[in-house]
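Residue strings, one per chain:
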Protein chains: 4
Amino acid sequence: MTISVGILGATGYTGAELVRLLHQHPGAGITFCSSRQYNGKHISEVLEFLKGSVDIVLEDFDAAAIRRRCDVVFSCLPHGASMEFIARIIDAVKVVDLSADFRIRDLAVYREWYQEHTSPELLPEAVYGLAEVYRDEIRNARLVANPGCYPTSVLLPLIPLLKAGLIEKTDIIVDSKSGVSGAGRGLSLKTHICESGESFSAYKVGRSHRHIPEIEQELSRAAGTDIAIEFTPHLIPISRGMLSTIYVTAAADEDVLKGCLKDFYGKSPFVRVIDGLPATKDVRGTNRCLMTVVKNRSSRRATLVSVIDNLTKGASGQALQCMNLMFGLDEACGLDSVPLFP
Amino acid sequence: MTISVGILGATGYTGAELVRLLHQHPGAGITFCSSRQYNGKHISEVLEFLKGSVDIVLEDFDAAAIRRRCDVVFSCLPHGASMEFIARIIDAVKVVDLSADFRIRDLAVYREWYQEHTSPELLPEAVYGLAEVYRDEIRNARLVANPGCYPTSVLLPLIPLLKAGLIEKTDIIVDSKSGVSGAGRGLSLKTHICESGESFSAYKVGRSHRHIPEIEQELSRAAGTDIAIEFTPHLIPISRGMLSTIYVTAAADEDVLKGCLKDFYGKSPFVRVIDGLPATKDVRGTNRCLMTVVKNRSSRRATLVSVIDNLTKGASGQALQCMNLMFGLDEACGLDSVPLFP
Amino acid sequence: MTISVGILGATGYTGAELVRLLHQHPGAGITFCSSRQYNGKHISEVLEFLKGSVDIVLEDFDAAAIRRRCDVVFSCLPHGASMEFIARIIDAVKVVDLSADFRIRDLAVYREWYQEHTSPELLPEAVYGLAEVYRDEIRNARLVANPGCYPTSVLLPLIPLLKAGLIEKTDIIVDSKSGVSGAGRGLSLKTHICESGESFSAYKVGRSHRHIPEIEQELSRAAGTDIAIEFTPHLIPISRGMLSTIYVTAAADEDVLKGCLKDFYGKSPFVRVIDGLPATKDVRGTNRCLMTVVKNRSSRRATLVSVIDNLTKGASGQALQCMNLMFGLDEACGLDSVPLFP
Amino acid sequence: MTISVGILGATGYTGAELVRLLHQHPGAGITFCSSRQYNGKHISEVLEFLKGSVDIVLEDFDAAAIRRRCDVVFSCLPHGASMEFIARIIDAVKVVDLSADFRIRDLAVYREWYQEHTSPELLPEAVYGLAEVYRDEIRNARLVANPGCYPTSVLLPLIPLLKAGLIEKTDIIVDSKSGVSGAGRGLSLKTHICESGESFSAYKVGRSHRHIPEIEQELSRAAGTDIAIEFTPHLIPISRGMLSTIYVTAAADEDVLKGCLKDFYGKSPFVRVIDGLPATKDVRGTNRCLMTVVKNRSSRRATLVSVIDNLTKGASGQALQCMNLMFGLDEACGLDSVPLFP
């Protein structure tokens, strides 16, 4: 079987990462790529690194062509646009949406943080694509809401501990750091190498980053009660990589906490609970998540540290992991490369 | 008046930064530089960027020469070595010690985190060189213990709020990020550009970094009661720059918190409380500290963000600021440059 | 005496560098700054690193105000615009033009590489601002054409050797590398940190970069005959720094070549002929040029290597050096800082 | 068929790159890894990015074990050591030597630039592993001398043009730039991120880099006459990537030159002659070489630009390409990934 794949918005960083990963996937091939801006061009004219390897013509969105040519569609469109286009093809193809449109289950919350939802009827069936947590639901899903990058790096270490009741549900503090590719391929002084290079900064401090409601929703589901967090994102002057440092309160010892995580992820091919401390380079370009937990000897606080590649496990790699599940393939199919080192 | 300056251990990063800053100081000149490793060489052979600008011969430590030629000595030696050499000259010259040897007031705490103290008799007179807090004491000091880089970035935003009683004394969480120059000029795989470049990592997670007791000592003095913190340092793949994100609990509004900081630092030339969010590049190569505070609208938490250059305000610039005070000069003398941009 | 300085186009990288350098200049102060885009804002709103240090209001171009308030004006406007505005104030103030408008002496050449010249009547009096070569002319000039960054790095090592007749006038090959700030503060995928970071590339290969006619004009003047060069610029993934590797043919020994350079620059405070090999970090943020020459033992070729900071000696620092000369100050006044290290 | 692979010196950068590439090779598996320094440890303790993916125990060199367990051995040992160990196994296994030991065919030249050769009897059968040029010889080789990184980037664009007689054989000037991983994993101030980051420099200027005799040997073979070049290497502050700018003299037009290159590489899967200008990021982590040629409209010079990843096509990828040929596999087997972008 070869899965026929369509990509909406193929020329941004998550689209490009999908193309890169699909190129090395043994069971899927790209049959449709849309781009409003570069409609009619070869994708390798826009993403030059694909020259000689991938060369499909970029088209305008075309529901009929998609129905005819695709088994599954990945939407890399911005929120708002994404749900509109998905609504026009979801009856015919499976969809993994990399935007935020189907991540928030409460319409009022979505409206508060994003905008009015235009396809609320699809929301009930959307499955949150955190494969390590919702593996079975994803297997049977028609519409998967691929998690955000920050949520992925935060939820993976926290959910098992909350489910096990090993950490308190209050006063969870999340300090996250992301490479600049998370800001996308659009132009801004913030991504100019002379302004963001050799610098480090926080942004959206306080309760202002849109990934907060997504994280809180999923933590609350895991805990069985409402959870609110503190969250501060930062910008690292590198392209790829995300590290979250998470402060929790726990009565249990470090061994118990680590054991809980190891048990939870024992059969997950991409999540590894390590004894040392992870660095973002350890996961660069891969679908891995490395994590650890350290207990403060003299307080009730424990510190969780997790790393992912924001474009792979934090976006396109995770989307492919979901596709694998949706089509009955091995979860890790085409995703087992080791990081580029050095 | 020209102040005659000696530097012990002049060829590491803090020594080199002292030489750079003294070169542009109108009231001080270097008259003695020691280096065990490069004894006999011209400093510009070891620090090539000084060629054509500064060219003093590196000598072995020589107490007699120092007494004869220096008004003040900066020690950039490692802890342990620093106190031994300082004890041999402190009767004749003023000293600013950039090591940790005279920062910790409790001998037992020093012993636990560092080693046995060899000059405990000097400890009572040592003044902690955080100029914005101990300005008057520094003016009259013979021996100044220059603060560590992490402590500087953490204490400056926290001390005014603790003194004013505006934040709770428990559950202060400090998430700090430092450029690699903080690790010094020694060789290690961790500072190899191929290993630390394009990566981000946490280190010494849990209660293990030696700056913790220093931070807690000074917070406790400000609060009038024992304070314990959580502290996680991280490595940013840049040379210079330090950002601390600090989570506190406060009943007061953002305006009140910010007003408290603005009042406290109203007459301090280097500390600025800003309305936006600071980036490390805004202070690169300068003695500045920029900070802000953001209150979470829906919780009792507030987030403090501060940035310094770890080698300037976090080390050598702050040491010169202390020297200025010790010799009756304007605090900012020779330290008013703007950052290199871009 | 305090020189009153105006800056046209103050918010780009060369304008910002002028402001930074003027802040530490003891004999000059900024009295006028224009910006079409940010007209009416404080300069520190646009260039945040200036906050607390420089805070002048940006104005629209105003010839009357400039006449009233300025002794000298630096134009950081793009070519074309620059000459138009300069023509309206040159009768009242001295001008250093950082654009290319008055660098090319031959109107036909200017037209071929740039556009029609709108102020040809000013061209005869314009002095090429390479201070080490045209020091006396600059002292008496009303209008100085500040050299381009690539030309500065190429002309300084070549002119003495050509004047001395020590190298052949044919087959000079120039391979230059520049930090990204040379591309300016404008937005483009080429300056996006994710696209230009961790990469290296050549651009404008072949006879296509506009600095070629400028370099050839000045080499020809030095040689007394027409000189044509090969020139390839490259982009280094750093903010600041420029290195030129220049291949020449020489019968003379290395010592003779180096001696010629040392003699020529013996009294120039910013140019240093070194025995090792220069790195761009050795000049970062300074007005220095370091250079060396290595003779191939088994061929007639010699290799020259020069480094400058493209924004300082390659632009704004050199412009201030010219201002110093135009106003009878010491050439190095306000420009003697050492580089930020590390 | 699965090829059993041994690696000598597996923990440096070229060894690590071999392990990474072999992990994704469908027809080869690692059965032996030597490391003197880390003998007895798991490879993933030394190269942490391999954890969870590759976990072989590092052994001391063991000729008997190699004979028993390996079909082919890659030597990543330093020159000198490499030939000694290879001599002890070459009768039993095929060898690809990544050191310089078997690249130089003239013993006197090897002695002049390296040291006394200890296995001259093997030299006649060693095949220079530039697959695009010596494909047939490599297919039948027992011992392949894998080309150096600089030579690969220089020879690929030059050899076709020399063979075709389209460029002159004199005055070839090569200006090359390499990422820091080319300096290896050893510790030195030159690879300290604070010293090599945000900087650019030339090194071994003049006739001093050991890749010069290797390049000249192969150019001379292609031209049928002795060729001498000028060569200057530079250090780019990135991990991976190499760009060579090569100045040649040609009577032919750009189209003819480019056509020659396109014809020569028409059937080579990794070399692509492009119309734009290549950047090192276009080949990062891949076995590709991109190149172009631009003719100066007004002189007889043409400029060649080539890019490779110094660790892949410049070392370990090329070695695997040779292995593929030596074992009758498709040349590109396991080497067709696209670069990590961004």
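Residues numbered from 1 in each chain as written. Chains lettered and ligands numbered in written order. Predicted model: local features only at pLDDT ≥ 70, side-chain atom pairs only at ≥ 80, totals over all residues. Heavy atoms only, no water.

A. Summary view of the interface of chain B and chain A. Residue-level contacts link 44 residues of chain B with 44 residues of chain A. Summed over both partners, the interface of chain B with chain A buries about 3,800 Å², with 56% contributed by carbon and sulfur atoms. When the buried surface of chain B facing chain A is broken down by residue, E198, F200 and E230 of chain B rank first, second and third, together holding 17% of it. We note a salt bridge from E198 of chain B to R284 of chain A, for which the minimum N-O separation is 4.0 Å. Across the chain B-chain A interface, the total number found is 26 residue pairs in polar contact (both at pLDDT 80 or more). Those elements giving two or more residues to the side of chain B that touches chain A turn out to be β7 (172-179), α8 (193-196), β8 (201-202), β9 (229-236), β10 (242-249) and β13 (301-308) of chain B. By residue class, the composition of the side of chain B that touches chain A is 20 nonpolar, 12 polar and 12 charged. (Contact = heavy atoms within 4.5 Å. Buried area = accessible area lost by both parts, 1.4 Å probe. Salt bridge = Lys/Arg side-chain N within 4 Å of Asp/Glu carboxyl O. Polar contact = N/O pair within 3.5 Å; in protein donor to acceptor, adjacent residues only side chain to side chain. Helix = DSSP H or I, 4+ residues; strand = E, 2+ residues; numbered from the N terminus. Nonpolar A, V, L, I, M, F, W, Y, C, P; charged D, E, K, R; others polar.)

B. Examining the domain arrangement of chain A more closely. Residues and elements named next belong to chain A. Annotation of chain A at the domain level lists domain 1 (3-125) and domain 2 (149-309). Just the C-alpha atoms count here: the centres of domain 1 and domain 2 sit 26 Å apart. Both sides together, the interface formed by domain 1 and domain 2 hides about 1,300 Å², and carbon and sulfur atoms give 51% of it. Of all residues in domain 1, Y13, R103 and W113 give up the largest surface area on contact with domain 2, accounting jointly for 50% of the area buried on that side. In this structure, the connection of domain 1 to domain 2 is made through two salt bridges. Close ionic contact of E17 with R240 constitutes a salt bridge, the shortest N to O distance being 2.5 Å. (Domains from an automatic or database assignment.)

C. Quick peek at the relation of the copies chain B and chain A. Superposing chain B onto chain A takes a rotation of 180 degrees combined with a translation of 0.0 Å along the rotation axis, leaving an RMSD of 0.0 Å. Viewed as a symmetry operation, the transformation between the two copies matches a two-fold axis. Most of the interface of chain B is mirrored in chain A, where 100% of its interface residues again form contacts. (Least-squares fit on C-alpha atoms with pLDDT ≥ 70 in both.)

D. Structural detail: the relation of the copies chain C and chain B. Superposition record for chain C on chain B: RMSD 0.0 Å, screw rotation 180 degrees, translation along axis 0.0 Å. Mapped onto chain B, 100% of the interface residues of chain C again fall at the interface, so both copies present the same surface.

E. Examining the sheet that holds β10 of chain B more closely. Residues and elements named next belong to chain B. Strand order across the open sheet formed by seven strands is β8-β9-β7-β10-β13-β12-β11, with mixed pairing between neighbours. Each edge of the open sheet is held by one strand with a lone partner, namely β8 and β11 (271-273). Summarising the sheet, β7 and β9 pair through eight bridges and their orientation is parallel. Bridge pairing links I172 to I229 in β9. (Pairing = 2+ DSSP bridges.)

F. Broad picture of the interface of chain C and chain B. Each partner contributes to the interface: chain C provides 29 residues, whereas chain B provides 29 residues. Together chain C and chain B conceal approximately 2,600 Å² of surface at their shared face, both sides included; 64% is due to carbon and sulfur atoms. Among the residues chain C hides against chain B, the three largest losses belong to F49, L340 and F341 of chain C. Together they make up 28% of the total. Connecting chain C to chain B are 12 residue pairs in polar contact (both at pLDDT 80 or more). Counting residues per element, the side of chain C that touches chain B draws most heavily on helix α1 (residues 13-23) of chain C, which supplies five residues. Per-class residue counts for the side of chain C that touches chain B are 10 nonpolar, eight polar and 11 charged.

G. Structural view of the environment of L257 of chain C. Residue and element names in this part refer to chain C. By the secondary structure assignment, L257 is in helix α10 (residues 254-264). Judged by its relative accessible area of 0%, L257 falls in the buried class. Every residue in contact with L257, bar those within four places of it in the chain, is listed here: L161, L166, I167, A250, A252, V293, K295 and A302. (Buried < 20%, exposed > 50% of the residue type's maximum accessible area, 1.4 Å probe, protein only.)

H. The side chain of E198 of chain C, seen in detail. Inspection of the secondary structure puts E198 of chain C in the loop between α8 (193-196) and β8 (201-202). Apart from the residues lying within four places of it in its own chain, the contact partners of E198 of chain C are E198 of chain B, P237 of chain C together with P237, I238, S239, T280, K281 and R284 of chain D.

I. Quick peek at the packing of helix α7 (residues 149-163) of chain A against helix α11 (residues 312-326) of chain A. Residue and element names in this part refer to chain A. Two elements in contact, α7 and α11, have axes separated by 8 Å at closest approach and are oriented at 100 degrees. With respect to α11, the element α7 is oriented roughly perpendicular. Contacts from C149, T152 and L156 of α7 reach α11 at K313, G314 and Q318. Class assignment of the residues belonging to the contact of α7 with α11 gives a composition of two nonpolar, three polar and one charged. (Axes fitted to C-alpha atoms, helices over the stretch in contact; angles between N-to-C directions. Parallel < 35°, antiparallel > 145°, perpendicular 65-115°, else oblique.)

J. A look at the pairing of strand β12 (residues 289-295) of chain A. Residue and element names in this part refer to chain A. Burial of β12 is extensive: seven of the seven residues sit out of reach of the surface. Of the two faces of β12, the one holding C289, M291, V293 and K295 and the one holding L290, T292 and V294 are both buried throughout. Taken together, the three bridges between strand β11 (residues 271-273) and β12 define a ladder with parallel strand orientation. Bridge pairing links V273 to M291 in β12. Here seven bridges tie β12 to strand β13 (residues 301-308), and the two strands are oriented antiparallel to one another. Of the residues in β13, the one forming a bridge with V294 is T303. Taking the residues between adjacent antiparallel strands as the criterion, β12 and β13 are bridged by five residues.

K. Up close: the pattern of salt bridges. Residues and elements named next belong to chain A. Summed over all chains, the structure comprises 89 salt bridges over all chains. The shortest N-O distance in the salt bridge between R301 and D171 comes to 2.8 Å. In this pair, R301 is assigned in strand β13 and D171 in the loop between α7 and β7 (172-179), connecting sequence segments 130 residues apart. Its relative accessible area of 27% is what places D171 among the partly exposed residues. Connected through shared salt-bridge partners, E17, R20, R240 and D309 make up one network.

L. Inspection of the packing of helix α1 (residues 13-23) of chain D against helix α11 (residues 312-326) of chain D at higher detail. Residue and element names in this part refer to chain D. Contact geometry for α1 and α11: axes closest at 9 Å, N-to-C directions at 50 degrees. On the basis of the axis angle, α1 is oblique to α11. In the crossing of α1 with α11, the sense of the turn from one axis to the other is right-handed. Contacts from T14, E17, L18, R20, L21 and L22 of α1 reach α11 at T312, A315, S316, G317 and L320. Taken together, the residues of the contact of α1 with α11 sort by class into five nonpolar, four polar and two charged. (Left-handed = near helix turned anticlockwise from the far one by under 90°.)

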